Amino acid sequence: MVFPIKWSKPPMAHRQHLRRLLSSAAARAAAQIPAWRVPMSSGTSAQSARIRELARLGRLLEAREVFDAMPDHDIIAWKSMIFAYCNNGMPDAARSLADMISGGNLRTGTILLSGYARAGRVRDARRVFDEMPVRNTVAWNAMVTCYVQNGDITLARRLFDAMPSRDVSSWNTMLTGYCHSRQMVDARNLFQKMPERNMVSWTVMISGYILIEQHGKAWDMFRTMHYEGVPPEQPNLVSVLSAISHLGNLNILESIHALVHKTGFERDVVIGTAILNVYTRGVSMLDTAVKFFEGMIERNEYTWSTMIAALSQSGRIDDAIAIYQRDPLKSVPSRTAMLTGLARCGRINLARTLFDQIPRPNIVSWNAMITGYMQNEMVDEAEELFNRMPFRNTISWAGMIAGYAQNARSEEALVLLQVLHRKGMLPSLSSLTSSFFACSNIEALETGKQVHSLAVKAGCQFNSYVCNSLITMYAKCRHIGFVRQIFDRMEVKDTVSYNSYITALVQNSMLEEARDTFNKMPSRDVVSWTTIISAYAQVDQGNEAVEIFRSMLQDHTLPSSPILTILLGVGGNLGASKLGQQIHTVAVKLGMDSGLIVANALISMYFKCVSEDSLKIFHSMEERDIFTWNTVITGYAQHGLGREAIGVYRQMESAGVLPNEVTFVGLLHACSHSGLVDEGRKFFKSMSSDYGLTPLLEHYACMVDLLGRAGDVQGAEQFIYDMPIEPDAVIWSALLGACKIHKNVEISRRAAEKLFSIEPSNAGNYVMLSNIYSSQGMWDEVAKVRKLMKEQGVNKEPGCSWMQIKNRMHSFVTGDEEHEQIHDIYATLRELYTLLKATGYVPDTEFVLHDIDEEQKESSLMYHSEKLAVAYGLLVTPKGLPIQIMKNLRICGDCHTFIKFVSHVTKREIDIRDGNRFHHFRDGNCSCGDFW
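It should be emphasised that the depicted structure is a prediction, and the values quoted were computed from it without experimental measurement.

A. Examining the pattern of salt bridges more closely. All told, the structure shown has 37 salt bridges when counted by the stated rule. Across the pair D130 and R126 runs a salt bridge, and its minimum N-O distance is 2.9 Å. Within this pair, D130 and its partner R126 are both found in helix 7 (residues 122-131), separated by 4 residues, close to a single helical turn. Residue classification places R126 among the partly exposed positions, given a relative accessible area of 27%. In this structure, E547 engages R550 in a salt bridge whose closest nitrogen and oxygen atoms are separated by 2.6 Å. Taken together, the residues span about one helical turn, with E547 and R550 both in helix 33 (residues 542-554) at a distance of 3 residues.

Quick look at the structure:
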């Protein structure tokens, strides 16, 4: 395997020779032990047990040394060593050892087959199966299990049907395959045909329904078993308790609790722990869980660790510590649960102290500590611990590779994959999927193709997890052809597969095909709905997103927090306050309104819809994060309330919350829209001097806008030339906008030239320069700009305004002739013009870009989209009711003056959100103070 990147020296240099040493050991064994039929037993059980123990700990080198040191090898020793290799992801080494046994052995062949199956190498497993001279039912079952484990249910059923004889395990294996692949109709049909059922059969069916989240059917299956007189046993009691945990029905829990007592399982610590787990699933039942825990007759290490984990996961870390301190054994699982909880809540140093106190940490503890470091973005510490591990399993490697990928160190993730491969070990499914994620992060298409080849070599290229990751990777790398190829060739497509494919299509701007695929899905989960709703929201098709949401509710699928957040964003962007209020109501009914993500989205939506409810929500929040504060600061900035934004920032400082880059973008915008030049300069300087934040292009653009709006156009231009980074189009556009406000023709030419070079297809830049020329009567220059636009094939974006009246959106474009009441709107406008002129309104014709007479200019100004929207609002809403309008472009000066007069004469509150900020017109004045 060759990667087109430079590989650094791998970690754990002192164990780089593991494969070489194992190979040498194998060679020595081959020299010492000729191919023979080994005795069934030669009294080597102690050494075989030692081999199995070392293998369990992942210490294969030591296990092989014990094996090689044995004077005689019976079949138990051979099987133990072969199993050790298979169970640690080294089936090829197991195969080499198995080949030393003359004539093979049915049991070792089955172990080897299962080892290849566990590694996802289906073809190698089938090769072992086909080469077996004799096959019993166990071998057939192992091969069926291989297909089942790797998601190929079609071949599993074909082999099952070809079996010369079957036992109940054969039926259960096929049943498991259907259940794992979520084909519960086929599973039910097979279950009903079974000539004999055992407890495993019932348990598998219950678990299958749990897998597809049909927990009611799982409970029904258990009741059917009970009615048929089959006494429950520990496994299916544990399974049905898992279903009950999702039903949220305390009556059912009480009935199963009574059955546990009736059948004599009340002292069974495993079942007791399962009941405890039901209580811990809901935060609202956590106190009940603690009460049940306190009343348990027997507790084991998993009872304690379950209680500790539940408390820590719900944020009650101090209560978790209190339970841990009472644990008389403080077993490794309890310690591991405690350090996991500490790491999750950011107390990583305490977690490390606890880890260091474990006398003999097992591999789960090592992996948990490494995961904790990765969760806290302490990658170097995780790496140091990984290098110190006395032994590793596939989870250790997978955890490190995933940690690198998730912490923006994707190249190192791929380096570690190479190290794993060089050690002769094929990566686990988790390592492969994390590697594909790493390739996605850095869009490393060629490297991704080679990791794909490694998946093929491992024989798991058709595994659903691998395929889903491949779809995501190739989509991020913009290789939609490979995406389609993989999806079409998948033999088993689950909901995750469809979701991945839909996401891939959306990322590649193929919305129609994505919708078609969504409509054809055999079943959908909340992720499916989230993906398609988000897709329509992202392309500004908010109405369609809302319609899909309604379909989702009709489908009896409860929305998640991300869906509510997306729809609140749609309501805010459209200025559709009633839609936002409806989504708010849904959030309240589902108990999601107090969650941080939804609460932050509510604040943003209400700010955009000009509602004071934004501040009510903010003040009622018990918990706030940096996004909360940033949302309020940005909201005030959009409304031109600079002093208020600064006041919230001071509150944030007092609360001990550190600002980030977004905070300062909001503050600088607020200062810019309020003319607070000195304050803006101080904040810009504070970024780096007080908080060590490097200003980004957005911050420089805000400063140019701040200086330019305040009239220092030359200073703004010099600021750009003094920047340590290359200015982008946003920065030059801010300068050009300042030139328009202050009619600076000379600097506007220079700024426009830069913009025409950077983004020659942006019509707004040409229009802005043309506005500057027309305001100075420079009609020849206006003509030149228009000619340049024509040569470049650039068309001006039409002005559009919209408003919501009685749950319906009404939109208007300049010179609109399409609206159903357009004649009434025009008549209202003409009446307004007559009335306003009598009170002192004079149309400002400098905003007309054509060299025509004054009367034509006035007529042109009359039909701007925001004026049409204002007239319609006055026409159809009761007197005194506020009018809210959205506009895609910046409001022109004449419309701004016109609406000030309208608000004075009609005594209406008029709010307009243009492409730049909010304008609140009250009694002839605007909140912007004519500074926008």
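B. View of the packing of aromatic side chains. Enumeration according to the criterion identifies 27 aromatic pairs in this entry. Between the aromatic rings of F664 and Y691, the centroid separation amounts to 6.0 Å while the plane-to-plane angle is 50 degrees, which identifies the pairing as tilted. Here the residue F664 occupies a position in helix 40 (residues 661-674), and Y691 occupies one in helix 41 (residues 677-691), the gap between them amounting to 27 residues. Under the relative-accessibility criterion, F664 is labelled buried at 0%. The rings of Y649, F664, F683 and Y691 are connected pair by pair, giving a single aromatic cluster. The ring of F386 has R392 lying over it, and the distance from NZ or CZ to the ring centre is 3.9 Å.

C. View of the UniProt feature "repeat: PPR" (unreviewed entry) in the protein. The UniProt feature table records "repeat: PPR" (unreviewed entry) at residues 105-139, 167-201, 300-334, 362-396, 494-524, 525-559, 625-659 and 660-695. The annotated region residues 300-334 carries 74% helix and 0% strand content, and the separation between its end C-alpha atoms amounts to 10 Å. Here residues 525-559 is 74% helix and 0% strand, with 10 Å between the C-alpha atoms at its ends.

D. Highlighting the pairing of strand 2 (residues 808-813). With 6 bridges connecting them, strand 1 (residues 800-805) and strand 2 associate as antiparallel partners. Note that in strand 2 the partner of C800 across the bridge is V813. Linking strand 1 back to strand 2 in an antiparallel pair, the connection comprises 2 residues, with K806 at a positive phi of about 50 degrees.

E. Spotlight on the sheet that holds strand 5 (residues 918-922). The sheet built from 6 strands is open, its strands ordered 2-1-3-4-5-6 with mixed pairing. The sheet is open, and its two edges are formed by strand 2 and strand 6 (925-926), each paired on a single side. With 4 bridges joining them, strand 3 (residues 883-887) and strand 4 (residues 910-913) adopt parallel strand pairing. Paired with I885 across the strands is I912, a residue of strand 4. Along the sheet, helix 50 (residues 865-876) makes contact with strand 1, strand 2, strand 3 and strand 4, crossing strand 1 at roughly 20 degrees.

F. Looking closely at helix 33. In this model helix 33 runs 19 Å from its N-terminal to its C-terminal C-alpha over 13 residues, within 8% of the 18 Å that 1.5 Å per residue would give. Turning to helix 33, its buried residues number three or more, namely G542, A545, V546, I548, F549 and M552. The buried residues of helix 33 occupy an angular sector of 160 degrees when projected down its axis, which confines them to one face. Turned more than 90 degrees away from the buried face of helix 33 sit N543 and Q554, all of them exposed. Summarising the contacts, the buried residues of helix 33 are in contact with helix 31 (511-520), helix 32 (526-538), helix 34 (561-574) and helix 35 (577-589).

G. Molecular detail of the nonpolar core. Counting 262 residues, the largest nonpolar core has I256 and I533 as the members making the most contacts within it. Leaving out residues up to four positions away in the same chain, I256 has contacts with W219, F222, L237, V240, L241 and I244. One finds I805, F812, Y872 and I899 within the second-largest nonpolar core, a separate group that totals 33 residues.

H. Representation of helix 19 (residues 317-326) within the structure. Every buried residue belonging to helix 19 is among I317, A320, I323 and Y324, and all of these are buried. Along the long axis of helix 19, the arc covered by the buried residues comes to 115 degrees, so they all point the same way. Where the residues of helix 19 are buried, they touch helix 17 (286-295), helix 18 (301-313), helix 20 (332-344) and helix 21 (348-357).

I. Quick look at the environment of N367. If you trace the backbone, N367 turns up in helix 22 (residues 363-375). Given a relative accessible area of 9%, N367 falls into the buried group. C-alpha separation for the pair N367 and H584, spaced 217 residues apart in sequence, amounts to 42 Å. Excluding anything up to four places from it in sequence, N367 contacts M389, N393, I395 and S396.

J. Summary view of the confidence of the model for the protein. Summarising the model, the protein shows a mean pLDDT of 85, and 92% of its residues fall at 70 or more. In this model, residues 1-43 is a region of pLDDT below 50 whose contacts with residues beyond four sequence positions or in other chains number 87 contacts.

K. Region of interest: unusual backbone geometry. Backbone geometry at R478 places phi at a positive 60 degrees, although glycine is not the residue there. Relative to the helices and strands, R478 is located in the loop between helix 28 (464-476) and helix 29 (480-489). Exposure remark for R478: the relative accessible area of 54% places this residue in the exposed category. For D923, which is not a glycine, the phi torsion comes out positive at approximately 50 degrees. Structurally, D923 can be placed in the loop between strand 5 and strand 6.

L. Layout of the packing of helix 25 (residues 410-422) against helix 26 (residues 429-442). In contact at an axis separation of 8 Å, helix 25 and helix 26 are set at 145 degrees when each is read in the N-to-C sense. In the packing of helix 25 onto helix 26, the handedness of the crossing is left-handed. Here S410, E411, A413, L414, L417 and L420 of helix 25 lie close against helix 26, whose contacting residues are S431, S435, A438, C439, N441 and I442. The residue inventory of the contact of helix 25 with helix 26, partitioned by class, reads 7 nonpolar, 4 polar and 1 charged.

M. Layout of the environment of M338. Summarising the element assignment, M338 is placed in helix 20. Overall, M338 belongs to the buried group, its relative accessible area being 2%. Placed 321 residues apart in sequence, M338 and P659 show a C-alpha to C-alpha distance of 31 Å.

N. Representation of the packing of helix 46 (residues 763-775) against helix 47 (residues 779-792) within the structure. Look at helix 46 against helix 47: their axes get within 8 Å of each other, and the N-to-C directions meet at 165 degrees. In terms of orientation, helix 46 and helix 47 fall into the roughly antiparallel class. When you trace helix 46 past helix 47, the crossing you get is left-handed. Each of A763, Y766, L769, S770, Y773 and S774 in helix 46 lies in contact with helix 47, whose residues at this interface are W779, E781, V782, V785, L788, M789 and Q792. In the contact of helix 46 with helix 47, the residues fall into 9 nonpolar, 3 polar and 1 charged.

Calculation notes
- Residues numbered from 1 in each chain as written.
- Predicted model: local features only at pLDDT ≥ 70, side-chain atom pairs only at ≥ 80, totals over all residues.
- Heavy atoms only, no water.
- Salt bridge = Lys/Arg side-chain N within 4 Å of Asp/Glu carboxyl O.
- Helix = DSSP H or I, 4+ residues; strand = E, 2+ residues; numbered from the N terminus.
- Buried < 20%, exposed > 50% of the residue type's maximum accessible area, 1.4 Å probe, protein only.
- Phe/Tyr/Trp six-rings, centres within 6.5 Å; stacked < 30°, edge-to-face > 60°.
- Lys NZ or Arg CZ within 6 Å of the ring centre and 35° of its normal.
- UniProt positions renumbered as here; feature names shortened; annotations may be inferred.
- Pairing = 2+ DSSP bridges.
- Contact = heavy atoms within 4.5 Å.
- Axes fitted to C-alpha atoms, helices over the stretch in contact; angles between N-to-C directions.
- Expected span 1.5 Å × (residues − 1).
- Arc of directions from axis to C-beta.
- Core = buried A, V, L, I, M, F, W, Y, C linked by side-chain atoms within 4.5 Å.
- pLDDT = per-residue confidence, 0-100.
- Left-handed = near helix turned anticlockwise from the far one by under 90°.
- Nonpolar A, V, L, I, M, F, W, Y, C, P; charged D, E, K, R; others polar.
- Parallel < 35°, antiparallel > 145°, perpendicular 65-115°, else oblique.

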